[in-house]
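Listed below, chain by chain, are the residues.
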Amino acid sequence: MCGIAAVLGPGADRETAAAMAAVLRHRGPDRTAAAALPGAALAATRLAVTGPGPAGDQPMRGGGDRSLLVFNGEIHNHRELRTRLPGRSYRGDSDTETLLALLDEWGADALPQLEGPFAFVYAERGSGRVTVARDRFGVKPLYLGRHAGRWYLASEIKALLAGGVPARVSPDALRSVLADYWVNGAQTPLQGIRRVLPGTVLQFGADGELLSERTWFEPAQLVDAEEEARLAALSPDGWVDELEAALRAGVRHRLPQDGVAGAGVLCSGGLDSSLVLALAGAEGARLPAYVASFGDQPEVDETPWAARAAEAAGSPLTSVQVGADAWREHFAASVWHFEYPLVHQNSVALATVAARARADGLRVLFSGEGADELFGGYPSRHHEQRSTFGAGPQALETPAHRNRGLREALGLPPAGESGYERGVRDSLLRAFAHLPEGRRELAAALAGDTRLFLSHGLNRLDKNLMQGSIEVREPFLDTGVASFALNSPLERHLLPVLKGGLAAVARRHLPAEVVDRKKFGFNFSVSRYLQRLDPKHLESGFLGEILGVPASDWRTILAASEERTLFRIWSAEIWCRLFAEGDSVDDVNGLIWQH
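Residues numbered from 1 in each chain as written. Predicted model: local features only at pLDDT ≥ 70, side-chain atom pairs only at ≥ 80, totals over all residues. Heavy atoms only, no water.

Colleague: Run through the environment of Gly138, naming residues and quoting values.
Modeller: Looking at the element boundaries, Gly138 is found in the loop between β7 (130-134) and β8 (143-147). Judged by relative accessible area, which is 1%, Gly138 ranks as buried. Along the sequence, Gly138 and Lys158 sit 20 residues apart, while their C-alpha atoms lie 19 Å from each other. Filtering out sequence-adjacent residues up to four positions away, Gly138 remains in contact with Pro198 and Leu458. (Helix = DSSP H or I, 4+ residues; strand = E, 2+ residues; numbered from the N terminus. Buried < 20%, exposed > 50% of the residue type's maximum accessible area, 1.4 Å probe, protein only. Contact = heavy atoms within 4.5 Å.)

Below you can see the structure in the form of structure tokens.
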């Protein structure tokens with residue numbers, strides 16, 4: 001696991017790449033280095049997990065200095081992939097060396113063989129070509145910007161800025177992020193900087209020009225009419241048996257190959273994370289569990305549920321207190337690392353847990369992320385399609401129109417479907433064409449969440465854990481698990497209870513009270529923490545000015561904002577100070593908190 005950076009084009013130099021990597025040290029505290037080929041300078045900061053010895057250091061050169069690679073991620077099947085390259089010799093046991101061998105042999109054609117999250121930049125000396133790619137679901141972040149005739153790529157936006165890409169705010173994008181929590185597609189709040197989208201591969205020429213950009217993976221590729229028919233024909237018990245086998249394989253593939261001493265599980269006591277903890281134990285790995293505890297809000301503290309899950313799994317539990325002190329320490333820092341106005345208040349909790357896990361010697365935390373998107377676990381999403389399908393009240397919840405007032409106050413029209421979102425939906429409707437009407441629309445909408453909704457949660461999880469140099473692993477995003485979920489009958493997910501099939505697996509390993517409890521979702525109050533912030537720095541700050549809102553209207557917006565909206569506005573103000581004004585986290589903390 002690493003932070004990566006690259007400069008492509010005439011005059012690309014190691015010094016610039018190294019300066020970009022220097023601001024990514026939190027992603028890889030073990031080693032930082034840079035190297036170059038003509039027209040391509042690459043740098044990496046390394047968090048050594050798989051093959052931790054020096055043979056896995058980056059940038060990594062191919063045999064005869066023919067190529068150069070920087071890679072962020074984990075190729076969980078890398079040892080199996082080595083058997084497909086007979087006669088190839090290796091210096092060590094890192095997955096980086098395996099990936100380099102595959103790219104030397106097959107180029108971008110190797111991508112479908114990779115199991116696990118990744119983002120990489122691979123440069124070839126002979127042709128001068130550079131290949132850039134990102135994993136199927138967008139677990140590992142990657143950003144792209146162009147400035148002064150060169151391309152800049154990095155795991156985080158701040159590295160592009162360190163390389164010289166200017167920080168020019170896009171007020172329209174910032175309005176949309178503030179109102180909608182996220183913006184789908186490549187756009188970011190900074191002009192000229194965009195996301196490399198999940199499942200995308202780019203090719204650059206020897207002169208640094210972008211030759212092609214294409215989607216190498218989309219969720220529709222997992223849809224298979226024959227597999228759907230096979231799964232539909234299984235008995236209920238047979239289906240649960242196959243799901244459990246797929247989930248256990250997903251966990252097993254992600255257990256650290258050099259021992260589990262540095263791994264744990266983020267466990268809220270909810271269904272998904274508790275099941276990951278239990279299945280790791282079933283695979284022989286009694287991983288320690290970590291839960292964010294809100295001792296000042298006992299009514300929403302999930303520690304007792306996490307304790308039940310940990311006891312059932314035979315795992316120790318560490319309860320990490322998240323209170324006023326944690327908010328003062330991690331709020332602004334979490335915005336700096338997330339690089340957007342915060343989507344959810346749990347970013348601060350994640351950062352707090354990551355700091356404790358790192359202090360305990362851990363490098364990896366498992367997560368239940370992805371289960372809700374794959375198994376239909378958000379009852380307020382796709383309300384119309386769920387109703388048409390006939391989902392019962394357990395799988396149907398009236399959608400909350402959050403931030404409607406803020407959207408209107410910012411002069412934005414009602415939220416609509418973007419071209420990117422429409423393209424994902426249409427692709428999936430074609431893939432599910434074998435299903436009858438009503439069923440097809442809901443299947444496509446739920447599968448679309450793996451591209452349109454999931455990637456934002458993954459971004460938060462990656463960045464706010466890597467803030468503490470902790471790698472996250474998501475067993476539910478194993479390709480086998482995702483294929484099984486997307487091809488299974490909707491009834492298995494939605495009837496008789498929400499995520500009923502997943503719950504059936506969990507009942508084999510966990511107490512009924514853990515499996516059957518109502519989904520909670522980190523719904524703690526932040527008002528007591530926001531009250532410690534000095535409101536004058538919000539009223540006369542930079543956000544209202546950047547958005548072009550008159551001062552009197554801005555005060556009206558602030559006065560009318562409920563707790564979660566005010567949290568969003570505060571995080572956006574902090575974002576403006578950090579990214580638009582160039583202030584440091586320490587400077588912001590010294591300013592915004594009341595003394």
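Colleague: Kindly report on helix α5 (residues 171-180), identifying the contributing residues and their values.
Modeller: Turning to α5, its buried residues are Ala173, Leu174, Arg175, Val177, Leu178 and Ala179. Backbone geometry just after α5 places Tyr181 at a positive phi near 80°.

Colleague: Run through the pairing of β8, naming residues and quoting values.
Modeller: Relative to strand β10 (residues 193-195), β8 runs antiparallel, the two sharing three bridges. Paired with Leu144 across the strands is Arg194, a residue of β10. Judged from the five bridges that link them, β8 and strand β9 (residues 150-154) form a sheet pairing that is antiparallel. The partner of His147 across the bridge, within β9, is Arg150. Hairpin connection of β8 to β9: two residues between the antiparallel strands, including Ala148 at a positive phi of 55°. (Pairing = 2+ DSSP bridges.)

Colleague: Hey, could you go over the sheet that holds strand β6 (residues 118-124) for me, with residue numbers and the actual values?
Modeller: As summarised here, the arrangement of the six strands in space is β4-β5-β6-β7-β11-β12, forming an open sheet in which the pairing is antiparallel. The sheet is open, and its two borders are formed by β4 (60-61) and β12 (210-215), each paired with just one other strand. In terms of strand pairing, β7 meets strand β11 (residues 200-204) through four bridges, oriented antiparallel. Paired with Val130 across the strands is Phe204, a residue of β11.

Colleague: Provide a residue-level description of the sheet that holds strand β16 (residues 364-366), including the pertinent values.
Modeller: Across the sheet, which stays open at both edges, the five strands sit in the order β15-β14-β13-β16-β17 with parallel pairing between neighbours. Since the sheet does not close on itself, it has two edges, and those belong to β15 (317-321) and β17 (471-473), each with one partner. Sheet twist, expressed as the average angle between the axes of neighbouring strands with direction ignored, equals 35°. Pairing geometry for strand β14 (residues 289-293) and β15, over five bridges, is parallel. Residue pairing in the sheet places Ser293 in a bridge with Gln321 of β15. Along the sheet face, helix α9 (residues 303-313) touches β14 and β15 and points at about 165° away from the line of β15. (Axes fitted to C-alpha atoms, helices over the stretch in contact; angles between N-to-C directions.)

Colleague: Outline the packing of helix α10 (residues 324-338) against helix α27 (residues 585-592), supporting the account with residue identities and numerical values.
Modeller: At a minimum axis separation of 10 Å, α10 and α27 run at an interaxial angle of 130°. As the angle between them shows, α10 and α27 are arranged oblique. Crossing of α10 over α27 shows right-handed handedness. Across the interface between the two elements, Arg328, Glu329, Ala332, Ala333 and Trp336 of α10 pack against Val585, Val588 and Asn589 of α27. (Parallel < 35°, antiparallel > 145°, perpendicular 65-115°, else oblique. Left-handed = near helix turned anticlockwise from the far one by under 90°.)

Colleague: Outline the packing of aromatic side chains, listing residues and values.
Modeller: Under the criterion given, the structure shown has 16 aromatic pairs. Between Trp239 and Phe484, the aromatic rings sit 5.3 Å apart at their centres with planes inclined by 45°, giving tilted as the arrangement. Of this pair, Trp239 sits in helix α7 (residues 236-254) while Phe484 sits in helix α18 (residues 479-487), and the two are 245 residues apart along the sequence. According to the relative accessible area criterion, Trp239 is buried, its value standing at 1%. With a centroid separation of 4.1 Å and an interplanar angle of 25°, the aromatic rings of Phe294 and Phe524 are classed as stacked. In this pair, Phe294 sits in the loop between β14 and α9 while Phe524 sits in the loop between α21 (512-516) and α22 (527-530), placing the two residues 230 residues apart along the sequence. An identical accessibility class is assigned to Phe294 and Phe524; each is buried. (Phe/Tyr/Trp six-rings, centres within 6.5 Å; stacked < 30°, edge-to-face > 60°.)

Colleague: Before we move on, could you go through the nonpolar core and cite the residues and values that matter?
Modeller: Among the nonpolar cores identified, the biggest contains 91 residues, and Leu111, Phe118, Phe120, Leu247, Phe476 and Leu502 are the most heavily contacted of them. With residues near it in sequence (within four places) discarded, Leu111 still touches Phe118, Phe120, Ala133, Arg136, Val201 and Trp216. Judged by nonpolar contacts, the second largest core, of 84 residues, contains Ala41, Leu342, Phe524 and Phe579. (Core = buried A, V, L, I, M, F, W, Y, C linked by side-chain atoms within 4.5 Å.)

Purely spatial values, then, with no claim about function.
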